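Understanding the architecture of this molecule
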Amino acid sequence: MCIGIPMRIVAANEFVAQCERHGAISLISLLLVGPQLSGTHVLTHLGSAIRVLDAEEARAIDDALAGLVEVNEGRSFEALFSDLVSREPELPPHLRTE
């Protein structure tokens, strides 16, 4: 399974950014998303930014990752998946028979 990690750019040049997540700084390639400004949230995988995120989506992904830790350790996790718990499941449009 591949997991993308949301990070926030704290400094960058055209090709590489210093990105922060929970106080840790990592060097991340920007070759797939192009130059980005400090403060931009990006989804990262294996040392590369693969998609630009807005702050809300970055928080939702971060909450989901924290929720997986809570589930694995047997603790309450529902609050971390509030965007899913409060709505009915929906089929993607191509699977609907309406």
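What this report covers is the structure whose coordinates are included nearby. (Residues numbered from 1 in each chain as written. Predicted model: local features only at pLDDT ≥ 70, side-chain atom pairs only at ≥ 80, totals over all residues. Heavy atoms only, no water.)

1. What to know about the overall build of the chain
Along the backbone of the chain there are 2 helices and 5 strands. Each helix (α) and strand (β) of the chain, taken in turn from the N terminus, gives the series β-β-β-β-β-α-α. Here the C-alpha atoms of the chain give a radius of gyration of 16 Å, more than 25% beyond the 13 Å that 2.2 N^0.38 yields for 98 residues. The C-alpha extent of the chain, read off along each of the three principal axes, is 45 × 40 × 25 Å. (Helix = DSSP H or I, 4+ residues; strand = E, 2+ residues; numbered from the N terminus. Rg over C-alpha atoms; globule rule 2.2 N^0.38 Å.)

2. Observations regarding the nonpolar core
Counting residues in hydrophobic clusters, the biggest one holds 8 residues: Met7, Ile9, Ala17, Cys19, Ile28, Leu30, Val42 and Ala49. Of all the secondary-structure elements, those providing two or more residues to this core are strand E1 (5-12) and strand E2 (16-21). Here Met7 is in contact with Cys19, Glu20, Arg21, Ser26, Ile28, Thr40, His41, Val42 and Thr44, once residues within four sequence places are set aside. Counting residues in each nonpolar core, the second largest holds 5 residues, with Leu43, Leu53, Ile61 and Leu65 among its members. (Core = buried A, V, L, I, M, F, W, Y, C linked by side-chain atoms within 4.5 Å. Buried < 20%, exposed > 50% of the residue type's maximum accessible area, 1.4 Å probe, protein only. Contact = heavy atoms within 4.5 Å.)

3. Concerning the pattern of salt bridges
Within this structure, the stated rule accounts for 7 salt bridges. A salt bridge links Arg21 to Asp62; the shortest N-O distance between them is 2.4 Å. Taken as a pair, Arg21 in strand E2 and Asp62 in helix H1 (residues 55-72) lie far apart in primary sequence, 41 residues in all. Classification of Arg21 by relative accessible area gives partly exposed; the value is 22%. Asp63 is the partner of Arg59 in a salt bridge, and the nearest nitrogen-oxygen pair spans 2.7 Å. Of the two residues, Arg59 and Asp63 both sit in helix H1, 4 residues apart, roughly one turn of that helix. Residue class for Arg59 comes out partly exposed when judged on its relative accessible area of 45%. (Salt bridge = Lys/Arg side-chain N within 4 Å of Asp/Glu carboxyl O.)

4. Observations regarding the side chain of Thr44
Mapped onto the secondary structure, Thr44 falls in strand E4 (residues 41-45). Given the relative accessible area of 5%, Thr44 is considered buried. Not counting chain neighbours up to four residues away, the residues in contact with Thr44 comprise Ile3, Gly4, Ile5, Met7, Ile28 and Ala49.

5. Section: a nonpolar patch on the surface
Taken together, the side chains of Phe15, Val16, Leu27 and Leu31 define a hydrophobic patch exposed on the protein surface, amounting to about 420 Å² of accessible area. Within the secondary structure, Leu27 is located in strand E3 (residues 24-29). (Patch = residues over 30% accessible without salt bridge, like charges linked within 9 Å, V, L, I, M, F, W, Y side chains within 5 Å. Areas by Shrake-Rupley, 256 points an atom, 1.4 Å probe, with all protein chains shown as cover.)

6. So, the pairing of E2
Bridge count for E1 against E2 is 4 bridges, and the pairing is antiparallel. Residue Ala11 lies in a different strand from E2, and its bridge partner there is Gln18. Counting the residues between successive antiparallel strands, the hairpin from E1 to E2 contains 3 residues. In the sheet, E2 pairs with E3 via 6 bridges, with the strands oriented antiparallel. (Pairing = 2+ DSSP bridges.)

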